[in-house]
Amino acid sequence: MTYLAQLLLLEALILLPVKEAQAETPEDPIYVKTSNGWNAAYAHGNGYAEFRVIGNGAKLQDPYHILLQKNVGMMVSFVDKKELQNDRDLLSAHAQWEIDYWHQHASRVESDAREDLTGTRKDVKVTEVRVYNDKGAQMSSYLIGLAARDGVFVLSVSPAKKDLDPLVKELVSSFKLVPRNLDAEEAKRLSSEAKAQR
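Given the structure is predicted, the values throughout are model-derived calculations rather than measurements.

J.: Can you help me understand the sheet that holds strand β2 (residues 37–44) in this one?
T.: Pairing between the strands of a sheet comes from backbone hydrogen bonds, and it takes one of two forms, parallel or antiparallel. Pairing within the open sheet is antiparallel, and its 4 strands lie in the order β1-β2-β3-β11. If you trace the sheet from one side to the other, it starts and ends with β1 (30–34) and β11 (176–178), each paired once. The mean angle between the axes of side-by-side strands here comes to 25°, regardless of whether they run parallel or antiparallel. Sheet analysis places strand β3 (residues 47–54) next to β11, joined by 3 bridges and oriented antiparallel. Bridging from a neighbouring strand, Tyr-48 pairs with Val-178 of β11. Relative to β3, helix α3 (residues 165–174) is tilted by about 150°, and along the sheet it contacts β3 and β11.

Here it is in structure tokens:
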């Protein structure tokens, strides 16, 4: 199995429990092309998360999957707080929820909080997760969670490698919660902003 196929399989395995766990299906993320990548917005409830994908080599596979560069993929998702055990600390609860899932499906799971990638922000958490099968093969990802009132927006970047830390920092710096509805007028505004960046 090629590495990209393994990566997409890992992402699909992450996506399936997230999709099944959602009480309400959010609208698909939208993307607006810029001179150096994509601006993205993902609506849920009365707000949306925005982030930037930097680099002209990034390729959208579908609204939830992006090939950031060769052999590096990203999945976009949302986990409703009803699925998490602790609604006071959604980010830690989300990371634990993901780790618990992998403990049920892998031989071994390791994780580390990557505070070095978030800086002083308290609304974002990066967790590096390494999953091993019974033959010792490893898959890894960065889980970037952004707290919202009703759950956690998630960017999952795989694989997790030291040379990708700058890319993850860029994603973290652009990953923000916007307390407005992502309606047609807001989408038009985002498109105009992207055109101004070209």
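That was the structure; now back to the text.
J.: How do you make sense of the environment of Gly-145 when you look at a structure like this?
T.: In this fold, Gly-145 is placed in strand β9 (residues 138–148). On the accessibility criterion, Gly-145 (3% relative accessible area) is buried. For the pair Gly-145 and Leu-155, spaced 10 residues apart in sequence, the C-alpha separation works out to 6.6 Å. Setting aside anything within four residues of it in sequence, one finds Gly-145 in contact with Leu-91, Asp-123, Val-124, Lys-125, Val-152, Phe-153 and Phe-175.

J.: Whenever I open this one, the sheet that holds strand β5 (residues 65–69) confuses me. Can you help?
T.: Read from one edge to the other, the open sheet built from 7 strands follows the order β4-β5-β6-β10-β9-β8-β7, with strand pairing classed as antiparallel. Each edge of the sheet is formed by a strand with only one pairing partner; in this case those strands are β4 (59–62) and β7 (108–113). Between one strand and the next, the sheet's axes are offset by a mean angle of 25°, whatever the strand orientation. When β5 meets strand β6 (residues 72–80), the two strands line up antiparallel, connected through 4 bridges. In the sheet register, Leu-67 faces β6, and the bridge partner there is Gly-73. Together, β6, β7, β8 (124–132), β9 and β10 (151–158) form the strand contacts of helix α2 (residues 90–105), whose direction differs from that of β8 by roughly 10°. Across the sheet, α3 is in contact with β5, β6, β8, β9 and β10; its angle to β9 comes to roughly 20°.

J.: What am I meant to see in α2 here?
T.: Since the α-helix packs 3.6 residues into each turn, any two residues three or four apart lie on the same face. Across its 16 residues, α2 extends 23 Å between first and last C-alpha, which sits within 8% of the 22 Å expected from 1.5 Å per residue. Those residues of α2 that sit buried are Leu-90, Leu-91, Ala-93, His-94, Ala-95, Trp-97, Glu-98, Ile-99, Tyr-101 and Trp-102.

J.: Before we go on, may I ask you to explain the side chain of Arg-130 in this structure?
T.: Its location among the elements puts Arg-130 in strand β8. On the basis of relative accessible area, Arg-130 is assigned to the buried category, the value being 14%. A distance of 2.8 Å separates polar atoms of two side chains, one belonging to Arg-130 and the other to Asp-112. Other than its neighbours up to four places away in sequence, Arg-130 contacts Arg-108, Val-109, Glu-110, Ser-111, Asp-112, Gln-138, Met-139 and Ser-140.

What counts and what doesn't
- Residues numbered from 1 in each chain as written.
- Predicted model: local features only at pLDDT ≥ 70, side-chain atom pairs only at ≥ 80, totals over all residues.
- Heavy atoms only, no water.
- Pairing = 2+ DSSP bridges.
- Helix = DSSP H or I, 4+ residues; strand = E, 2+ residues; numbered from the N terminus.
- Axes fitted to C-alpha atoms, helices over the stretch in contact; angles between N-to-C directions.
- Contact = heavy atoms within 4.5 Å.
- Buried < 20%, exposed > 50% of the residue type's maximum accessible area, 1.4 Å probe, protein only.
- Expected span 1.5 Å × (residues − 1).
- Polar contact = N/O pair within 3.5 Å; in protein donor to acceptor, adjacent residues only side chain to side chain.

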